[in-house]
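So you can see what is in the structure, the chains are spelled out below.
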Amino acid sequence: MPAPTAEALMRSRYSAFVVGDPGYLVATWHPDTRPPSLELDEDIRWTGLDILDVQGGGLLAAEGVVEFRASHRRDGRPGIQQERSRFTKVGGRWHYLDGVATG
């Protein structure tokens, strides 16, 4: 079942990073901006996700923005990725369009 909101897609994409599923990440990436393939860094262990802000992206919306902070560990050292991600619907399903690092 497709994600009902942009935030739900953001959370499912984070989960794909956690379990190492690049196929899902590519499949949920907007066709205009998706890379032809994606390799995940196997040295990064994702440890947490905080949603900081959501604009739009509801059930009836066509676009949305989700700002998040994702925690990780690499070589035993903690790290953070903070991004403001844009999502849009294609064929009635949410897709990640692009993002800008904010932290």
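The rules we used
Numbering of residues starts from 1 in every chain and runs along the sequence as written. In keeping with the model being predicted, local features are shown solely for residues with a pLDDT of at least 70 and side-chain atom pairs are shown and tallied solely at 80 or more, while totals for entire chains, interfaces and linings include all residues. Calculated side-chain values reflect all of the structure's heavy atoms, with hydrogen atoms and water omitted. Here the rule is simple: two strands pair whenever DSSP picks up at least two bridges between them. Counting from the N terminus, the helices are DSSP H or I runs at least four residues long and the strands are E runs at least two residues long. Helix axes are fitted to C-alpha atoms over the stretch in contact, other axes to C-alpha atoms as well, and angles between N-to-C directions run from 0 to 180 degrees. Any two residues whose heavy atoms approach within 4.5 Å are treated as being in contact. Each salt bridge in this description consists of a side-chain nitrogen of Lys or Arg and a carboxyl oxygen of Asp or Glu lying within 4 Å of one another.

### Description of the pairing of strand β2 (residues 63-74)
- Relative to β2, strand β1 (residues 44-56) runs antiparallel, the two being bridged by eleven bridges. If you follow glycine 56 over to β2, its bridge partner there is glycine 64.
- From the end of β1 to the start of β2, which pair antiparallel, there are six residues, and glycine 57 there has a positive phi angle of about 75 degrees.
- Hairpin connection, β2 to strand β3 (residues 77-90): the antiparallel pair is bridged by two residues, and aspartate 75 has positive phi, about 55 degrees.

### Some points on the pairing of β3
- Strand direction decides the pairing type here: β2 and β3, joined by twelve bridges, are antiparallel. By the bridge assignment for β3, arginine 73 is matched with proline 78.
- Relative to strand β4 (residues 93-101), β3 runs antiparallel, the two being bridged by eight bridges. The partner of valine 90 across the bridge, within β4, is arginine 93.
- The loop that links β3 with its antiparallel partner β4 comprises two residues; one of these, glycine 91, has a positive phi angle of about 60 degrees.

### Notes on the sheet that holds β1
- Read from one edge to the other, the open sheet built from four strands follows the order β1-β2-β3-β4, with strand pairing classed as antiparallel. Whereas interior strands pair on both sides, the edge strands pair on one side only; in this sheet they are β1 and β4. Across the sheet, the axes of successive neighbouring strands diverge by a mean angle of 30 degrees, strand direction being ignored.
- Packed onto the sheet, helix α1 (residues 6-19) meets β1, β2, β3 and β4 and runs at close to 170 degrees relative to β1.

### With respect to the pattern of salt bridges
- On inspection of all chains with the given rule, the structure shows five salt bridges.
- As a salt-bridge pair, arginine 11 and glutamate 7 come within 3.0 Å of each other at their nearest N and O atoms. Residue arginine 11 and its partner glutamate 7 are located together in helix α1, separated by four residues, close to a single helical turn.
- In this structure, the salt-bridge partner of aspartate 98 is arginine 86, at a minimum N-O distance of 2.6 Å. Taken together, the residues aspartate 98 in strand β4 and arginine 86 in strand β3 connect sequence positions twelve residues apart.
- Three or more residues are tied together by salt bridges with common partners; here these are Asp53, Glu67 and Arg84.

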